[in-house]
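Coordinate analysis (summary)
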Amino acid sequence: MSSQSHHGTVLVSGAGVAGPLLAHWLDRAGFAVVLVERAAARREEGQNVDVRGAGREVLRRTGIEQAALAAHTTEEGTAFVDERGRPRAVLPAAQGESDGATAELEILRGKLSGLLLDLPAERTERVFGDHVTGLDDHGDGVTVTLASGDVREVDLVVVAEGVGSRTRDLVFGGDPVRPLGMYCVYVTIPRTATDDRTWRWYNALEGRSVHLRPDDTGTTRALLNFLSPTRGLADLDPAAQVTVLRRVFRDAGWETDRVLAALDGTPFHFEDLAQVHLDRWSSGRVVLLGDAAHCASPVSGMGTTLGLTGAYVLAGELATAHARGRSHTDAFAAYERRLRPLVTRAQDLPPGTPAVANPRTAWHRQALWTGVRVLTSRPARALGGLTGRFTNPPADAFTVPDYPDLPARAG
Ligand SMILES: Cc1cc2nc3c(=O)[nH]c(=O)nc-3n(C[C@H](O)[C@H](O)[C@H](O)COP(=O)(O)OP(=O)(O)OC[C@H]3O[C@@H](n4cnc5c(N)ncnc54)[C@H](O)[C@@H]3O)c2cc1C
């Protein structure tokens with residue numbers, strides 16, 4: 001490897017969660033980094049994300065665990081409510097580092113991304129408002145063409161562009177995105193007196209649910225979920241999406257109208273819930289990271305943990321390969337070998353997801369409430385292994401490796 005650093009230059013595409021953390025650790029290990037983000041500025045969007053087990057350990061090693069804890073969303077648990085807002089089943093917040101629907105380290109996605117982008121990265125050049133349009137992996141390096149016309153000669157390219165990554169598709173082709181049959185619409189709305197510190201989850205039947213969650217910035221994070229066999233709605237323009245949502249959630253009851261009213265003039269994020277499945281995460285000098293490689297979907301509760309853990313492991317393997325005179329091919333293989341089992345477990349969602357949590361009939365909704373009450377009862381929790389699959393994502397199923405070639409302390 002050559003260029004600005006004797007470790008070589010790595011172009012990281014995507015400054016969400018995994019991209020900035022990787023940039024920081026590579027920079028800390030001595031690589032030169034170019035971090036390219038399609039958006040014109042930092043993306044503040046997104047709602048609550050969970051950081052569990054291995055992801056939490058990575059934040060600890062990075063030195064920002066306490067800052068992330070201080071930015072907790074303040075959510076205290078989940079209440080499944082009926083049309084009148086009465087709690088019918090309750091999931092308490094996490095007691096440990098991995099369990100529960102509300103994780104102990106739960107933070108707004110935009111805040112976490114901001115913390116990661118604020119990490120020192122002296123050898124990192126940041127390019128916002130640009131994106132990759134061409135890649136030529138010529139064996140000795142990669143020639144990267146950006147939409148601005150800029151051409152970069154780098155040693156390696158890491159694609160951390162999230163679930164809909166276009167650079168991934170440029171290199172790997174195929175169609176690795178597997179929709180789960182549900183749309184999720186995120187919008188931030190004004191807080192009212194009825195909003196408390198609980199995630200209030202209202203099943204409106206017909207495969208619809210409405211969620212109101214507290215945040216630490218004085219607003220309320222609303223989520224509209226609906227099952228649909230029709231794909232492509234996420235590609236419609238916002239006005240058409242609002243029309244769809246008004247039709248789908250008409251007469252849904254509870255506080256739904258308040259959320260629908262907020263859609264006019266407020267930016268919202270309309271997502272077709274999906275996973276990404278690929279047989280391999282690297283090709284030549286290009287490697288995938290985070291959701292672009294293996295999105296498990298927000299319903300897994302593991303996307304951010306996987307992105308953080310993967311970034312640290314990839315940085316560690318690249319630093320190790322450099323220190324021991326091994327190739328990037330070895331590093332990419334070791335990264336995938338280590339992370340793949342955790343990803344496979346995280347992508348293995350409980351049976352019936354997401355339909356079970358978004359019932360079509362009153363009978364199924366009653367069964368869901370009863371199921372939650374049983375799973376969270378004292379005897380069931382004592383059986384951990386039997387119920388854990390439904391309440392605890394597998395974030396503890398991974399021991400974060402020690403990498404002697406990654407400097408332990410910042411600076
Ligand atoms: C706007 C947004 C809101 C989200 N909200 C939630 C949420 O509420 N709950 C939840 O569980 N998960 C949410 N996620 C997903 C969550 O951030 C990820 O599952 C997880 O943190 C792993 O992050 P990542 O870095 O792999 O991908 P992401 O966080 O998706 O980051 C990918 C980044 O790449 C950028 N990008 C995309 N294409 C290109 C390109 N061609 N060139 C350069 N840059 C590109 C994107 O703008 C984005 O900044 C959201 C993601 C986004 C982008």
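Residues numbered from 1 in each chain as written. Predicted model: local features only at pLDDT ≥ 70, side-chain atom pairs only at ≥ 80, totals over all residues. Heavy atoms only, no water.

**A closer look at the site of the ligand**
How we decide: Being near a molecule or strand, for a residue, comes down to having at least one heavy atom within 4 Å of it. Polar contact criterion, stated in full: a pair of N or O atoms within 3.5 Å, where within protein one must be able to donate a hydrogen and the other to accept it, and residues adjacent in sequence count only if both atoms are side-chain atoms. All accessible-area figures derive from a Shrake-Rupley calculation using a 1.4 Å probe, and residue coverage is judged against the displayed protein chains alone. Only DSSP runs of H or I covering at least 4 residues are called helices, and only runs of E covering at least 2 are called strands; the numbering of each starts at the N terminus. Asp, Glu, Lys and Arg are counted as charged, while Ala, Val, Leu, Ile, Met, Phe, Trp, Tyr, Cys and Pro are counted as nonpolar; the rest, among them Gly, fall into the polar class.
The environment of the ligand is made up of 26 residues, and the closest members are Glu-37, Arg-43, Gln-47, Arg-109 and Asp-291. One nitrogen or oxygen atom from the side chain of Ser-13 is found 3.3 Å from a nitrogen atom belonging to the ligand. In the model, an oxygen atom of the ligand is placed 2.6 Å from a nitrogen or oxygen of the Glu-37 side chain. Considering the ligand on its own, with 920 Å² of exposed area, one finds that the protein chains cover 91% of that surface. Elements with a contribution of two residues or more to the shell around the ligand: strand S2 (32-37), strand S3 (48-51) and helix H9 (303-323). Its residues assigned to classes, the shell around the ligand shows eight nonpolar, eleven polar and seven charged.

**What to know about the pairing of strand S14 (residues 208-214)**
Regular strands place side chains that alternate from one sheet face to the opposite one. Here is the rule we go by: Any residue under 20% of the maximum accessible area for its type is buried, any over 50% is exposed, and the rest in between are partly exposed; the area is computed with a 1.4 Å probe on protein chains only. The rule for pairing is simple: two strands pair if DSSP sees at least two bridges between them.
Counting buried positions along S14 yields seven of seven residues, so the element is predominantly enclosed. As defined by bridge partners, strand S13 (residues 199-205) adjoins S14 across five bridges and the pair is classed as antiparallel. Of the residues in S14, the one forming a bridge with Trp-201 is His-211. Taking the residues between adjacent antiparallel strands as the criterion, S13 and S14 are bridged by two residues, where Glu-206 takes a positive phi near 55 degrees. Where S14 and strand S15 (residues 219-227) come together, seven bridges link them in antiparallel fashion. Its bridge partner lying in S15, Ser-209 is registered against Asn-225.

**Focus on the pattern of salt bridges**
We apply this condition: Salt bridges are defined by distance alone: a side-chain nitrogen of Lys or Arg within 4 Å of a carboxyl oxygen of Asp or Glu.
A full pass over the atoms with the stated rule returns 29 salt bridges. A salt bridge links Asp-215 to Arg-191; the nearest nitrogen and oxygen atoms lie 3.6 Å apart. Placement of the pair is Asp-215 in the loop between S14 and S15 and Arg-191 in the loop between strand S12 (177-190) and S13, with a sequence separation of 24 residues. Judged by relative accessible area, which is 1%, Asp-215 ranks as buried. The salt bridge involving Arg-340 is made with Glu-336; its shortest N-O contact spans 2.7 Å. Here Arg-340 and its partner Glu-336 are both found in helix H10 (residues 328-347), four residues apart, which amounts to about one turn of the helix.

**Considerations on the environment of Val-343**
For clarity, the threshold we go by: Only heavy atoms matter for contacts: two residues are in contact if any of them lie within 4.5 Å across the pair.
When you line up the elements, Val-343 lands in helix H10. The class for Val-343 is buried, based on a relative accessible area of 1%. Not counting chain neighbours up to four residues away, the residues in contact with Val-343 comprise Trp-281, His-294 and Leu-306.

**As for the packing of H9 against H10**
Note the following rule: Fitted lines through C-alpha atoms serve as axes, helices being fitted only where they are in contact, and the angles separating the N-to-C directions of these axes extend from 0 to 180 degrees. Angle categories: roughly parallel below 35 degrees, roughly antiparallel above 145, roughly perpendicular from 65 to 115, and oblique for all the rest. For a crossing to be left-handed, the near helix must be turned anticlockwise from the far one by less than a right angle; the clockwise case is right-handed.
Direction vectors running N to C along H9 and H10 enclose 160 degrees, while the axes themselves pass 8 Å from each other. On the basis of their axis angle, the class for H9 and H10 is roughly antiparallel. The way H9 lies across H10 gives a crossing that is right-handed. Residue-level inspection shows Leu-306, Thr-309, Gly-310, Val-313, Leu-314, Glu-317, Leu-318 and Ala-321 of H9 in contact with H10, the latter providing Ala-331, Phe-332, Ala-334, Tyr-335, Arg-338, Leu-339, Leu-342, Val-343 and Ala-346. Classifying every residue of the contact of H9 with H10 by side-chain character gives 13 nonpolar, two polar and two charged.

**Side note on helix H11 (residues 362-375)**
We count it as follows: The length a helix should cover is 1.5 Å for every residue beyond the first. Think of it as the arc spanned by the lines of direction from the helix axis to the C-beta atoms.
With 14 residues, H11 should reach 20 Å at 1.5 Å per residue; the first-to-last C-alpha distance of 20 Å fits that figure. Among all positions in H11, only Arg-365, Leu-368, Trp-369 and Val-372 are buried. For H11, the angular spread of buried residues about the axis comes to 95 degrees, placing them on one side. Turning to H11, the residues buried within the fold contact strand S4 (77-81), strand S5 (87-92) and S13.

**A closer look at the layout of surface pockets**
The condition that has to hold: Points on a 1 Å grid, built from protein atoms alone, make a cavity when a 1.4 Å probe fits but cannot get out and make a pocket when they are open with protein on both sides within 12 Å along at least 5 of 7 lines; residues with an atom within 4 Å of a point are the lining residues. Grid points are joined across faces, edges and corners, and a volume is the space filled by probe spheres set on the points.
Roughly 200 Å³ of volume is contained in the second largest pocket. Elements that contribute at least two residues to the lining of the second largest pocket include exactly S12 and strand S16 (268-276). No other element matches the three residues that S12 contributes to the lining of the second largest pocket. Of the residues assigned to the lining of the second largest pocket, the class counts are four nonpolar, five polar and three charged.

**Topic: the sheet that holds S2**
In spatial order, the strands read S7-S2-S1-S11-S18-S17; together these six strands make up an open sheet with mixed pairing. The outermost strands of the open sheet, each flanked by one partner alone, are strand S7 (124-128) and strand S17 (282-283). Sheet topology note: the S17/strand S18 (residues 286-288) ladder contains two bridges and is antiparallel. Across the sheet, Ser-283 pairs through a bridge with Val-286, a residue of S18.

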